[in-house]
Amino acid sequence: MIAELQEMYSFSFMRYALTVGVFGGGMLAFLGIFVHLRRIVFLGAALPQITALGIALAICMNLPPLVGAILGGLVGILLLSTSGKSGSLPTEGWVGLAYATGGSLAIVVLALSPQPDAGALRFFTGDILGTNRSEAIFAVIVAACTAAVFRLCWSKFVVSSFDPVMTKTLGLRASFWNALLFLCLGFGLASVMNSAGSMLAFGMLIGPPAAALMMFRAFPKVIVTTVVLGAVSAFAGLTLSFVFDLPGGPTMATAALFPMLPAWIYRKIKR
Amino acid sequence: MAGELFQFEKACLGYPGNEVLQDISFHLDAGNFIGIVGPNGVGKSTLVKTMLGLLPLRSGRMTWHQEHARIGYVPQREQIDAIWPMRVRDILQLTLCALHRPHWYKRGEYAQVSEVMEATEITALADQTLDTLSGGEMQRLLLARALVVEPSVLLLDEPTAAMDLFASERFMQLITKLHRERNVTIVMATHDLQALVGRAGTVGILANGMLHYGPTVDMLSAERLTNVYGHPVGVHSKDGKLFISIEGDA
């Protein structure tokens, strides 16, 4: 079996895909802890769709898809973090609009593209095997930067997310830490979306942290479990997709969601 | 701790297009315990939010006289999401870490945290997670969180709301003890008039967009409360203590 795995990962495209899956997926899974705890899961669903629209626009304008992914992610965060303040529509309404608009417009823009690219659809179907070296390196850099920022400012992120009002009364800039969290989320989504599409990005953002939060009630255990589940499910999903000739991104996303079942059973038994 | 701590001068408080409180002039001396009362929707939370700096003044002036005056805010426990996977001790340590450099979280004992947990009677709960706390325990944790930053003043927004009688009394006894032993300045918005008797030195009554304040015994008169609440309120004295009751059907 080891020999088979070695052979499988002797291909550079598999190593690049694995790198994005493990680093990008692990990072998104970690950020997903905050998405769950802050109860902004719908925002987590809408952001990949807006990022997809950014990628489609970039392809349409003959720009690198990564540029579109980053700009799409950042614009999406800016729009969604300020939505709902006008009071004309609840925040969930804006998030729903962004989800529907981003997802549908991305396909329309791509269809209207004057330079049809045979590989363009991989960003939407989640064909992670098309990942190249620079995309893999970008995912590693974003994951490393995110880890460093959170390691250095952990208490700020937790306190400002847990109780923004208290944070302001302490004289801390809650909006700054909020923006930094969303910035990490934007770059994280861009790094995974650019290679593997929205399905994997959202699967990683939701699945592993949900399983960890079902099992444990202490941050250290939740974080370790989340990141390990994210990385392992990326590896397992990619390997299975290769063996059974399945699409990489969706198989990895399914693998990322699978731990929720044993986690739910574990929670039931523990109670 | 002595002298003037806070002041409103001809301040108008509220939201764009909706001035809730007009022409408020009020000062708070260090070491005071002031209770803010009034009917629903009269502006208690608006006053607290403005003092916290969460709402801008519509007009007038607000001054914190102590430089870098730190406010300890105790919200209603419903504002806290117990889904967060944190222990009681973690909340206090993280709050402390967030204020000081470096900002990362170091495991281990923090003398300040232990001391505050003891003062707020939650030492036995240190390793419990948020979702296992009762309402009264959660409120004491929020009080401890406010105290751990060594505040100049404690602002409490209806801290005993939705608490049972015993939990509410225990919490008020704790507040009284902290006020007496630590000389902490306290501003408490509450519906519970009786809880203020014998505890708050000053009571501020919000009514018709105005704030009237003075010594507790003077402010909690039957006539004044009846006018404010629009219903007969009885105030009786027994063994030197005031008792407030609703007269007739509410």
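Residues numbered from 1 in each chain as written. Chains lettered and ligands numbered in written order. Predicted model: local features only at pLDDT ≥ 70, side-chain atom pairs only at ≥ 80, totals over all residues. Heavy atoms only, no water.

### Looking at the pattern of salt bridges
Residues and elements named next belong to chain B.
Step number 1: All told, the structure shown has 10 salt bridges over all chains when counted by the stated rule.
Step number 2: Note that R87 is salt-bridged to D127, the shortest N-O span being 2.9 Å. Of this pair, R87 sits in the loop between strand 5 (71–74) and helix 2 (88–99) while D127 sits in the loop between helix 3 (111–119) and helix 4 (135–147), and the two are 40 residues apart along the sequence.
Step number 3: The class of R87 is buried, set by a relative accessible area of 18%.
Step number 4: Notably, a salt bridge pairs R199 with E169, separated by 2.8 Å at the nearest N-O pair. Here R199 is found in the loop between helix 6 (193–196) and strand 8 (202–207), whereas its partner E169 is found in helix 5 (residues 165–182), with 30 residues between them in sequence. (Salt bridge = Lys/Arg side-chain N within 4 Å of Asp/Glu carboxyl O. Helix = DSSP H or I, 4+ residues; strand = E, 2+ residues; numbered from the N terminus. Buried < 20%, exposed > 50% of the residue type's maximum accessible area, 1.4 Å probe, protein only.)

### A closer look at the interface of chain B and chain A
Step number 1: Opposite the 28 residues of chain B that make contact, chain A presents 27 residues.
Step number 2: Here chain B packs against chain A, burying approximately 2,600 Å² in sum over the two surfaces, 68% of which is carbon and sulfur.
Step number 3: At the junction of chain B and chain A, the tally comes to 3 salt bridges.
Step number 4: For A:R39, the salt bridge is made with B:D81, and the minimal N-O distance between the two is 2.6 Å.
Step number 5: For the pair chain B and chain A, the interface holds 10 residue pairs in polar contact (both at pLDDT 80 or more).
Step number 6: Only strand 5, helix 2 and helix 4 of chain B provide two or more residues apiece to the side of chain B that touches chain A.
Step number 7: For the side of chain B that touches chain A, the element with the highest residue contribution is helix 2 of chain B, accounting for 6 residues.
Step number 8: Looking at side-chain class alone, the side of chain B that touches chain A contains 21 nonpolar, 3 polar and 4 charged residues. (Contact = heavy atoms within 4.5 Å. Buried area = accessible area lost by both parts, 1.4 Å probe. Polar contact = N/O pair within 3.5 Å; in protein donor to acceptor, adjacent residues only side chain to side chain. Nonpolar A, V, L, I, M, F, W, Y, C, P; charged D, E, K, R; others polar.)

### A look at the sheet that holds strand 7 (residues 185–189) of chain B
Residues and elements named next belong to chain B.
Step number 1: The mixed open sheet is built from 6 strands, whose spatial order is 5-6-7-3-8-9. This sheet does not close on itself; its edge strands, each paired only once, are strand 5 and strand 9 (210–215). Taken over all neighbouring pairs, the strand axes of this sheet differ in orientation by 15 degrees on average, direction set aside.
Step number 2: As paired strands, strand 5 and strand 6 (residues 153–157) are joined by 4 bridges and run parallel to one another. Paired with Y73 across the two strands is L155, which belongs to strand 6.
Step number 3: Here helix 4 sits on the sheet in contact with strand 5 and strand 6, set at roughly 170 degrees to strand 5. (Pairing = 2+ DSSP bridges. Axes fitted to C-alpha atoms, helices over the stretch in contact; angles between N-to-C directions.)

### What to know about the packing of aromatic side chains
Step number 1: With the rule as written, the count across this model stands at 21 aromatic pairs over all chains.
Step number 2: Each ring, one from A:W154 and one from A:F219, has its centre 5.1 Å from the other, and the planes form 85 degrees; the classification is edge-to-face. Taken together, the residues A:W154 in helix 8 (residues 154–162) and A:F219 in helix 11 (residues 219–243) connect sequence positions 65 residues apart. One exposure class covers both A:W154 and A:F219, and it is buried.
Step number 3: These aromatic residues form a ring-pair network of at least three members: A:F30, A:F34, A:F150, A:W154, A:F157, A:F162, A:F176, A:W177, A:F219 and B:W84.
Step number 4: Lying over the aromatic face of A:F176, A:R173 brings its terminal NZ or CZ to 4.8 Å of the ring centre. (Phe/Tyr/Trp six-rings, centres within 6.5 Å; stacked < 30°, edge-to-face > 60°. Lys NZ or Arg CZ within 6 Å of the ring centre and 35° of its normal.)

### Considerations on the confidence of the model for chain B
All names here are of chain B.
Step number 1: Looking at chain B as a whole, its pLDDT mean stands at 87, while 94% of the residues score no less than 70.
Step number 2: Taking the mean pLDDT of every element in chain B, the minimum, 81, falls on strand 11 (residues 241–246) and the maximum, 94, on strand 3 (residues 33–37).
Step number 3: For this predicted complex, the interface score ipTM comes out at 0.85, while the overall pTM is 0.87. (pLDDT = per-residue confidence, 0-100.)

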